Amino acid sequence: MIMSHFTREETNLMCIYHTGTRADLITELSEMKKYLEQDETELFELVQSVVDKLSVMSDGEFDNITGKLIVDFD
């Protein structure tokens, strides 16, 4: 299952920045990453991990998981 490839933190990040398509999400995350401060290394690595995973997925695989993108902040 593709969703199991994403951690809870990655899934939450995807929920926050999800704009509709896989390509748009990659663009949004890449753009956000430019605004991170030098000391925000953990968030930078999290964003990069999500971008890397999304980049190797197909649009079809992404479309299959979008219904499961529900924020879980617990």
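Residues numbered from 1 in each chain as written. Predicted model: local features only at pLDDT ≥ 70, side-chain atom pairs only at ≥ 80, totals over all residues. Heavy atoms only, no water.

Participant: Where do I start with the nonpolar core in this structure?
Facilitator: Of all hydrophobic cores here, the largest spans 17 residues; its most connected members are M14, L29 and L54. Listed by contribution, the elements that provide at least two residues to this core are α1 (8-17), α2 (22-33), α3 (41-56) and α4 (59-65). L29 has contacts with L13, Y17, V47, V50, V51 and L54, leaving out every residue within four places of it along the chain. (Core = buried A, V, L, I, M, F, W, Y, C linked by side-chain atoms within 4.5 Å. Buried < 20%, exposed > 50% of the residue type's maximum accessible area, 1.4 Å probe, protein only. Helix = DSSP H or I, 4+ residues; strand = E, 2+ residues; numbered from the N terminus. Contact = heavy atoms within 4.5 Å.)

Participant: Hey, could you run me through the pattern of salt bridges in this one?
Facilitator: Pairing of side chains with opposite charge becomes possible as their charged atoms draw close. For the structure on display, the rule yields three salt bridges. Between E10 and K53 there is a salt bridge; the shortest N-O distance is 2.8 Å. Remark: K53 occurs in helix α3 and E10 occurs in helix α1; sequence separation between them is 43 residues. Between R22 and D59 there is a salt bridge whose closest N-O contact spans 2.8 Å. Separated by 37 residues along the polypeptide, R22 in helix α2 and D59 in helix α4 bring together distant segments of the chain. Relative accessible area serves as the criterion here: at 44%, D59 is assigned to the partly exposed category. (Salt bridge = Lys/Arg side-chain N within 4 Å of Asp/Glu carboxyl O.)

Participant: I tried to follow the packing of α1 against α2 on my own but got confused; where do I start?
Facilitator: Each pair of packed helices can be summarised by the angle the axes make with each other and by the distance between the axes. Contact pair α1 / α2: the axes reach a minimum separation of 10 Å and the direction vectors enclose 100°. Here α1 is positioned roughly perpendicular relative to α2, judged by the angle of their axes. For the pair formed by α1 and α2, the contact residues are L13, M14 and Y17 on the first element and L25, E28, L29 and M32 on the second. A class-by-class count of the residues in the contact of α1 with α2 yields six nonpolar, no polar and one charged. (Axes fitted to C-alpha atoms, helices over the stretch in contact; angles between N-to-C directions. Parallel < 35°, antiparallel > 145°, perpendicular 65-115°, else oblique. Nonpolar A, V, L, I, M, F, W, Y, C, P; charged D, E, K, R; others polar.)

Participant: So what exactly am I meant to see when it comes to the side chain of E10 here?
Facilitator: E10 gets classed as buried once you look at its relative accessible area, which sits at 4%. Among the polar contacts made by the side chain of E10, one reaches the main-chain amide nitrogen of T7 at a distance of 2.8 Å. The residues touching E10, leaving out its near neighbours within four places in the chain, are H5, L46, S49, V50 and K53. (Polar contact = N/O pair within 3.5 Å; in protein donor to acceptor, adjacent residues only side chain to side chain.)

Participant: What is the right way to read α3 from this model?
Facilitator: Each α-helix turn comprises 3.6 residues. Residues three or four places apart therefore point the same way. For α3, which comprises 16 residues, the first-to-last C-alpha distance of 23 Å matches the rise-based estimate of 22 Å (1.5 Å per residue) to within 8%. Every buried residue of α3 is listed here: V47, V50, V51 and L54. One side of α3 holds all its buried residues, which, seen down the axis, span an arc of 100°. Within α3, the exposed residues directed more than 90 degrees away from the buried face are E42, E45 and V56. Among the structural elements, α1, α2 and α4 are those in contact with the buried residues of α3. (Expected span 1.5 Å × (residues − 1). Arc of directions from axis to C-beta.)

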